[in-house]
Amino acid sequence: MRKSKHGKGFVGGEKDFIQRYLAPLAKGFDGAHGLMDDAATLDVGTGFDVVATVDAVAEGVHFFADDSAADIAWKALAVNVSDLVAKGADPIAYLMSLSFPTPPNDAWMADFCRGLAMAQTVFGIKLAGGDTDRRDGPLAITITALGRVETGKLVARSTGRAGDCLFLTGTLGDAGVGLALRGNPNLQADWQLSDETADFLRHRYLRPKPRNRLVSVLLEYATAAMDISDGLAKDAISLADASGLGLHITCARLPVSGATQQVVAANGVTLTDVLTAGGDYEVLAAVPPDQREAFVSAAEMSGVVVTEIGHLMEQSDWVFEDLSGQPLELSDLGYDHFAQDL
């Protein structure tokens, strides 16, 4: 990936920069104080817990230098809201730190804020405050997202039970294929993909969509849940481990889009790639077996498609059953920020 180019820089000081671009994103959230203070206030109401999550995205790791500023902004916010959703929390507000290697120009910042404004509207969240600075290194955006859930109702990843059914929202593997296409446009021709199909896959990588509509359904039915960011195999194991359980996943049941199926048929990716590719930001939920039909029905009523892909079990084994019904050996479970250099 190339070093980002933000232009000749913003004309004006930091205060002007914040008031011109960022303060409008806080409009409607009184606790932000117009971004004129060093802190925000948050009133979540009696009987609620605050849920907080933080994720950073950095140039060269999570996005390309020449991705549009609007796409970068959308992804930065989406990956955080996805964590809130998986906990059954309604998004409220977020804090954002922007670290630039060089000052951004007006056009780049305007596009970045358009992307944030679009994401805020879709996700139901507002900017509450943050920080801006310049430092050597890649462009980095760190967001702390805040949500609320009724006291004691948070859906943890550590509370699954043996026998629970595992459900996955949406489709799996699209973002990984989209990333490959984004990095090498020639693959579109190699895989004989139409422009529409290739655009769908790239969009799934560039603009993940947190499943906000599923929040109330998770609160009612899920015993445990988490979002899938580093690959299904790794994240499903994380959920099982946190619950002190094993798991069994039937790969023949994995929800795979027609677009990704086309790439698999062209030998562009394998079943293992689909299992271990990150970036989908779908929700993995554990649901008691006697609630499976009600969960599916409620999810569909909310506008979210869910697919049963396996179950949690007492044994500590991790079983991924391939298409022929045999255990699938996985040498690489998914993306790890630190293991790559070991």
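Refer to the preceding data block for the structure.
Anyway, here's the lowdown on the structure attached to this text.

Cut-offs and rules
Residues numbered from 1 in each chain as written. Predicted model: local features only at pLDDT ≥ 70, side-chain atom pairs only at ≥ 80, totals over all residues. Heavy atoms only, no water. Helix = DSSP H or I, 4+ residues; strand = E, 2+ residues; numbered from the N terminus. Buried < 20%, exposed > 50% of the residue type's maximum accessible area, 1.4 Å probe, protein only. Contact = heavy atoms within 4.5 Å. Areas by Shrake-Rupley, 256 points an atom, 1.4 Å probe, with all protein chains shown as cover. Axes fitted to C-alpha atoms, helices over the stretch in contact; angles between N-to-C directions. Parallel < 35°, antiparallel > 145°, perpendicular 65-115°, else oblique. Nonpolar A, V, L, I, M, F, W, Y, C, P; charged D, E, K, R; others polar. Pairing = 2+ DSSP bridges. Salt bridge = Lys/Arg side-chain N within 4 Å of Asp/Glu carboxyl O. Expected span 1.5 Å × (residues − 1).

1. Details of the overall build of the protein
Tallying secondary structure elements over the protein gives 11 helices and 10 strands in all. Burial analysis of the protein (342 residues in total) assigns 51% to the buried set. Restricting the contact set of the protein to residue pairs at least 6 apart, pairs at least 24 apart contribute 85%. For the protein, the exposed area adds up to about 15,800 Å²; of that, 50% sits on carbon and sulfur atoms.

2. Quick notes on the environment of Phe 295
On the secondary structure map, Phe 295 appears in helix H11 (residues 292-302). For the pair Phe 295 and Tyr 221, spaced 74 residues apart in the sequence, the C-alpha separation amounts to 6.2 Å. The residues touching Phe 295, leaving out its near neighbours within four places in the chain, are Phe 167, Val 217, Leu 218, Tyr 221, Ala 285, Val 287 and Val 306.

3. As for the packing of helix H6 (residues 195-206) against helix H9 (residues 258-265)
Look at H6 against H9: their axes get within 9 Å of each other, and the N-to-C directions meet at 105 degrees. Our classification of the angle between H6 and H9 gives roughly perpendicular. Together, Thr 197, Phe 200 and Leu 201 of H6 and Ala 259, Thr 260, Gln 262 and Val 263 of H9 make up the contact between the two elements. Taken together, the residues of the contact of H6 with H9 break down into four nonpolar, three polar and no charged.

4. A look at the sheet that holds strand E10 (residues 318-321)
Spatially, E6-E8-E5-E9-E7-E10 is the arrangement adopted by the six strands of the open sheet, whose pairing is mixed. Of all strands in the sheet, those bounded by a partner on one side alone are strand E6 (224-228) and E10. Direction aside, neighbouring strands of the sheet carry axes that sit 20 degrees apart on average. Note that strand E7 (residues 246-250) and strand E9 (residues 306-313) share four bridges and pair antiparallel. Counted as the bridge partner of Leu 247 is Leu 312 from E9.

5. Some details on the sheet that holds strand E2 (residues 90-100)
In space, the four strands of this open sheet follow the order E1-E4-E2-E3, with mixed pairing throughout. Each edge of the open sheet carries a strand with a single partner, namely strand E1 (48-58) and strand E3 (126-134). Across the sheet, the mean angle separating the axes of adjacent strands is 15 degrees when strand polarity is ignored. With eight bridges joining them, E2 and E3 adopt parallel strand pairing. Within E3, the residue paired with Leu 95 across the bridge is Gly 129.

6. Some thoughts on the pattern of salt bridges
If you walk through the whole model with that rule in mind, you get 13 salt bridges. Across the salt bridge formed by Asp 174 and Arg 204, the nearest N and O atoms sit 3.1 Å from each other. Pair noted here: Asp 174 is in helix H4 (residues 174-183) and Arg 204 is in helix H6, with a separation of 30 residues, a long-range link. Assigned by exposure class, Asp 174 and Arg 204 land together as buried. Several salt bridges share partner residues, and in doing so they unite Asp 174, Arg 204, Arg 211, Asp 280 and Glu 282 into one network.

7. Here's the deal with the packing of H4 against H6
Packing of H4 against H6 brings their axes to within 7 Å, and their N-to-C directions diverge by 105 degrees. By the angle between their directions, the pair H4 and H6 is classed as roughly perpendicular. Along its contact with H4, which presents Asp 174, Ala 175, Val 177, Gly 178, Leu 179, Leu 181 and Arg 182, the element H6 presents Ala 198, Phe 200, Leu 201, Arg 202, Arg 204 and Tyr 205. Here the residues of the contact of H4 with H6 are counted per class, giving eight nonpolar, one polar and four charged.

8. Some details on unusual backbone geometry
Even without being a glycine, Asn 267 presents a positive backbone phi close to 60 degrees. For Asn 267, the location among the structural elements is in the loop between H9 and helix H10 (271-276). The exposure class of Asn 267 is exposed, given its relative accessible area of 71%. One non-glycine residue with positive phi stands out, namely Tyr 281, at about 55 degrees. Among the structural elements, Tyr 281 can be located in the loop between H10 and strand E8 (282-287). Residue class for Tyr 281 comes out buried when judged on its relative accessible area of 14%.

9. Things to note about H6
Helix length check: H6, at 12 residues, gives a terminal C-alpha distance of 16 Å against a target of 16 Å (1.5 Å per residue), a fit within 8%. Among all positions of H6, only Thr 197, Ala 198, Leu 201, Arg 202, Arg 204, Tyr 205 and Leu 206 are buried. Check the buried side of H6 and you find it contacts helix H2 (69-86), H4, helix H5 (187-190), H9 and E8.

10. Regarding the environment of Leu 247
When you line up the elements, Leu 247 lands in strand E7. Measuring from C-alpha to C-alpha, the distance between Leu 247 and Phe 320 comes to 8.3 Å, with 73 residues separating the pair along the chain. Discounting residues that sit within four places of it in the chain, Leu 247 has contacts with Leu 166, Ala 236, Ile 237, Ala 240, His 311, Leu 312, Met 313, Asp 317, Trp 318, Val 319 and Phe 320.

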